[in-house]
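Okay, here's what each chain looks like letter by letter:
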Amino acid sequence: MAQPSAESTYLGKMPAGFGMIAALHGDLDTGDGVGKVYYRQDASPATLRQAAEQINRAFPEDDEVEPEHAVVVTWVDVASRQHHDHSRGDGLEKQRNSFQLVIASAETTSYAILLYPRKGMQFASTAVGGSSQAMQAGFSKGLVKYLVFSTRQGPYYRITTERETSVRALAEETNSGKRGVWVYEIGTSPYFTSVAPGEVTDLPPDTGLESRVSEEATSKRYPGGGQQVTYSPYEPEEEVYLHTVQYQPQVVVVDDGDINVDVFSYNSETCANNRNKCSTFADCKDYASGYCCHCRPGYYGNGIQCVSEGKPQRMNGKVNGRVYVGNSPSPVEFNSNDLHSYVVANDGRAYVAISTIPARLGPSLQPLSALGGVIGWAFALEQPGYKNGFSIIGGEFTCQAEVTFLPAQEKLTIKQVFSGIDEHDHLVVSTTLEGRVPEVLRGSTVQIEPYSEIYQYSSNLITSSSTRDYTVSLDDGSAETRTYQWRQTITFQSCPNDEAARAVLPTQMLSVDQVFVMYDSNNELIRYAMSNKIGDVNGEKEENSCFTGRHGCDTNAVCRPEQGTQFTCQCAAGFTGDGRSCYDIDECREIPLACGEHSVCNNQPGTFRCECNDGYQFASDGHTCIVDRPVDHCAAGSHDCDITERAHCSYSGGSSYICSCLPGFQGHGRVCQDIDECQSARCHQKAVCYNTQGSFTCQCRPGYYGDGFYCSSERTKSQCETHRDRLLGSTEYGPQPVPGQYVPTCDSQGAYEASQCHGSIGHCWCVDRNGLEIPGTRTGPGRGRPLCIEQGPTVRPAVGPTPRPDVYPLPPGTHLLFAQSGRIEFVPLEGYNMKKTEAKTVLHLPEKVIIGVAYDCVEKMVYWTDITSPSISKANLQGGGAIPVIRSDLESPEGIAIDHLGRTLFWTDSMKDRIEVASLDGTKRRVLIDTNLVNPRAIIVDPVNGNMYWADWNRDAPKIETSAMDGTNRRVLVKDDLGLPNGLTYDPQSSQLCWADAGTHMIECMNPVQGDRRKAMGAIQYPFGITSHGKNIYYTDWRRDAVIMVDRQAGTETDVFLPQKQTRLYGITTAYAQCPSGKNYCAVNNGGCTHLCLATPRGRSCLCPNNALGVSCVESEGGQVLRWRERGAGIEVEREGGRY
């Protein structure tokens, strides 16, 4: 067998110099005892049948293929040698990938089937020569003979590009009709000829990327069925899963079943090599037949996932459905509706809310409190000797229920896939409804009687059934009792070696009471609440308050039963107090050096996390930060960017760098191609365009004069001609020179001739193109003209005309601020250009998802919205930590804007569907608009003119609206030809309101007063945030993971900044070194208002906050007192007033 090639011959090289099929090509680590690679030949009918199904689905127009042999190679738990990760205080292991390659051969043809796991690629880059590069997938024949004594590169085919996004897309897209499965015909025997990809790139409904957005965020819902910022990926009913079988020799097969198994299933290995698969709050234990994980005292779960006893649990997810109501012939369809649940674990009370349920369906879903039933079972209050669902099976399982309504036999199927606890300690669930429900009339209320449900347990299967009664009360006072039957099956992956699991009682009873259901038609929201207990089938045996839930312990505490009816309350792990009141322990403050040197400690509720500083990475212990040994490949010349004439290499810290094409070229930086600007009609219609490498020139046609961007039949005097004619003067006899005066000579094109002479004194000299004398070229009388080099005509601008004269230069220190998941970064501006090499992180907030950013130029503060808390916070850019501003009565704050004159902040909340205002410290808060909003996001204010603008990306009726800053005089600016208007920006110098639309893929602008709408840039990909300054627009793009600069006047993309961290970018704003000029009535003495002063086009309004307590407040507009409020002792008095 031939020796393997050295890594230097193939790492980072695609194609390589030898034959290769690369399922995921990089420097993968299998030497840590965790990563494994398995391979086998397989001719079993089951494997060949699966291979044939994948191939024939990918090539539907070809004759069906029946493979005869297969080779199966599986990589399990492999890590990248360079991988950097976050760590909790007790250590989290590095991320790992699992994937599979199947080579299936028929009699004359071979196929490659590449399968990537349903949970996506955990890392997408690899270490190559000290730098980080995207991993690669593809095929290569290697070097082939050429002529007699030489070789050349043979055929090859690349699946991925140099971008990490193409690697992550392997698990999200397809060419075979099934997500994460890629099929290629790789040649006809006996030759490798060419690679033919599968022909089915469409995914089944609801599995496309358009309905799946942030993989790193918590599940906050954006109603309307599209463009979510913060959901975990939707997992369709059919997925391709990988799992290891439980016998020797150990092989890996494809399981296309419906059970939610994972690639990390149990096998006969030991804890020594698999300890990392247990929860960080669990211990690993070896058994004769293998190993299992067990939660430590103070925690409960299945060992793979453990949660703290007594700590409230949160669940987030999405709901999809196709439901018929009553006898309706057409279904109500909904997609990616948000589900939130909260469980008080120490009393078994569960709360569930589902958003954006249409009024046609909402009332009829009220009887289905069982939608939250499995959540209640998972965290039910445990009676002595009994276990709730999470204690037994953890957080990864599939629940399928069939509901039969009596007596008409309508049937509804409910499928819920629980995919475990995410990085924010939230349980993630995906719910699908399919079928028919009896109609409940609008305005009716539903009351559900207490019920019990018997659960039967086995090793990997749980079943339950019950009959439930509910009463429908109509508006006319009548009531009707109805019934439905419930049958449920729960499938999960258990540890077969766990003796404790077999000790679970085969039968338990879930008792449910205090059931509350309500449909809120105004907000299209359905709510369920219920109390859950798990215990003996004969009913409750104990009366101890710990088992009834009537104990009074803090929600972050566990109730400990004692003798008889006695009990104590004990705060959950990570909290302190007497059990009646518990407070989070700030481990970062109380534990010296909790995270060690070169790291940042971030406190979390009940725990903490560590993260290495820039330039450091975690060592193998997942806790110690060691030097990353950075290499500046740009300076060393070891980068792989295109040549300097076409591309620029930008060092971005550590060993990372960014390749970007120079203006006039396009590409990803490693390969750049010239842009033919002449194809986009850049020159005047009376000019000829000449394309050049990286640029172009415009030249007026014969008979026309100008710079090519503007041509006229009337010739404009050149600089030389203007100079000459001014000196000649004018008399009644025509131009006459002043005696003894030097007068320049111009050529036929109006340019200065290269040599100029002063006839009166006999001197000659050379000049530059501006007519200035070149030193050292002057000759004296009688020595003739010097030999001068022709300077040629004035060089035309390479791209577009010169800037408009009304664009003001940027003040020193101006920069861009943009949000990238849990951080805010800035890019300095030099003139209008981004100084990309000086970009850095200004604020790091791990575990947060920052959506909107705004800047207060007075106090140099950055404000942001966070949808994980949810909250609004601020921080001083000169130094200092995050300062909470608003932390209550928020659900999904997104857009944010600052009035630096009136000292107020404005924001949108896409869950509450309203626009609010508050003082900058958050103490004075008022709702301005809460009607006719569906998906409000971007918001900006023009404090000088007193106007407010916002965008609503409601898919059914997107619009851009405006009002005065007090919410009055509301009107729609734009409603036609919009798709997903995500971002808004307003340039006060040009009075241009511009927006970025991810649906129409355009940037458009208009003057809000004149309404002259125009396209500023087209063919963009997926913009989110947008800001402007001078002639430029800057926007963030989700598909490109970049900040993109656009010349608004020329309508061209002029620069791209790729942050070092390739993740989704959100809001962006301009941070000025000096505040923009202008004043309003609120800028001095708060406009004379007692509380909120809000500018309007006519002046200002004084408004009272919604939370004004115990003080007098005067509301007025233009000096007219509208209302006077005095609140105190629970009494509110409103008095009408006159002038004051």
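Residues numbered from 1 in each chain as written. Predicted model: local features only at pLDDT ≥ 70, side-chain atom pairs only at ≥ 80, totals over all residues. Heavy atoms only, no water.

The name an unreviewed UniProt entry assigns to the protein is Nidogen 1, from the organism Oncorhynchus kisutch. Within the UniProt record for the protein, the comment given under Subcellular location (unreviewed entry) is "Secreted, Extracellular space, Extracellular matrix, Basement membrane". (UniProt positions renumbered as here; feature names shortened; annotations may be inferred.)

(A) Molecular detail of the state of the cysteines. Tallied over the full model, the rule gives 20 disulfides. The disulfide partner of Cys271 is Cys284, and the gap between their sulfur atoms is 2.0 Å. Between Cys271 and Cys284, the S-S dihedral sits near -85°, and the bridge is therefore left-handed. With Cys271 in helix α3 (residues 271-274) and Cys284 in strand β18 (residues 282-287), this residue pair connects regions lying 13 residues apart in the sequence. Comparing Cys271 with Cys284 shows no difference in burial state: the two are buried. (Disulfide = S-S within 2.5 Å. Helix = DSSP H or I, 4+ residues; strand = E, 2+ residues; numbered from the N terminus. Buried < 20%, exposed > 50% of the residue type's maximum accessible area, 1.4 Å probe, protein only.)

(B) Spotlight on the environment of Ile1068. Within the secondary structure layout, Ile1068 lies in strand β77 (residues 1068-1071). Distance in space between the C-alpha atoms of Ile1068 and Gln820 is 9.5 Å, their sequence separation being 248 residues. Setting aside its immediate chain neighbours within four residues, Ile1068 contacts Leu816, Leu817, Phe818, Val853, Gly1025, Ile1026, Thr1027, Tyr1034, Thr1036 and Val1043. (Contact = heavy atoms within 4.5 Å.)

(C) Seen up close, the pattern of salt bridges. Applying the stated rule across the entire model yields 32 salt bridges. A salt bridge links Lys835 to Glu838; its shortest N-O distance comes to 3.3 Å. The exposure class of Lys835 is partly exposed, given its relative accessible area of 24%. In this structure, Glu1053 and Arg1040 form a salt bridge, with 3.0 Å as the shortest nitrogen-oxygen distance. In this pair, Glu1053 is assigned in strand β76 (residues 1052-1057) and Arg1040 in the loop between β74 (1032-1037) and β75 (1042-1047), connecting sequence segments 13 residues apart. Glu1053 gets classed as partly exposed once you look at its relative accessible area, which sits at 34%. Beyond isolated ion pairs, a larger network of salt bridges with shared partners links Asp889, Glu891, Lys912, Arg914, Glu916 and Arg925. (Salt bridge = Lys/Arg side-chain N within 4 Å of Asp/Glu carboxyl O.)

(D) A look at the side chain of Thr908. On the secondary structure map, Thr908 appears in strand β62 (residues 904-909). Among the polar contacts listed, one links the side chain of Thr908 to the backbone nitrogen of Gly895, at a separation of 3.1 Å. Contacts of Thr908, omitting those with residues within four sequence positions, involve Ser892, Pro893, Glu894, Gly895, Arg914, Ile915, Pro936, Arg937, Ala938 and Ile939. (Polar contact = N/O pair within 3.5 Å; in protein donor to acceptor, adjacent residues only side chain to side chain.)

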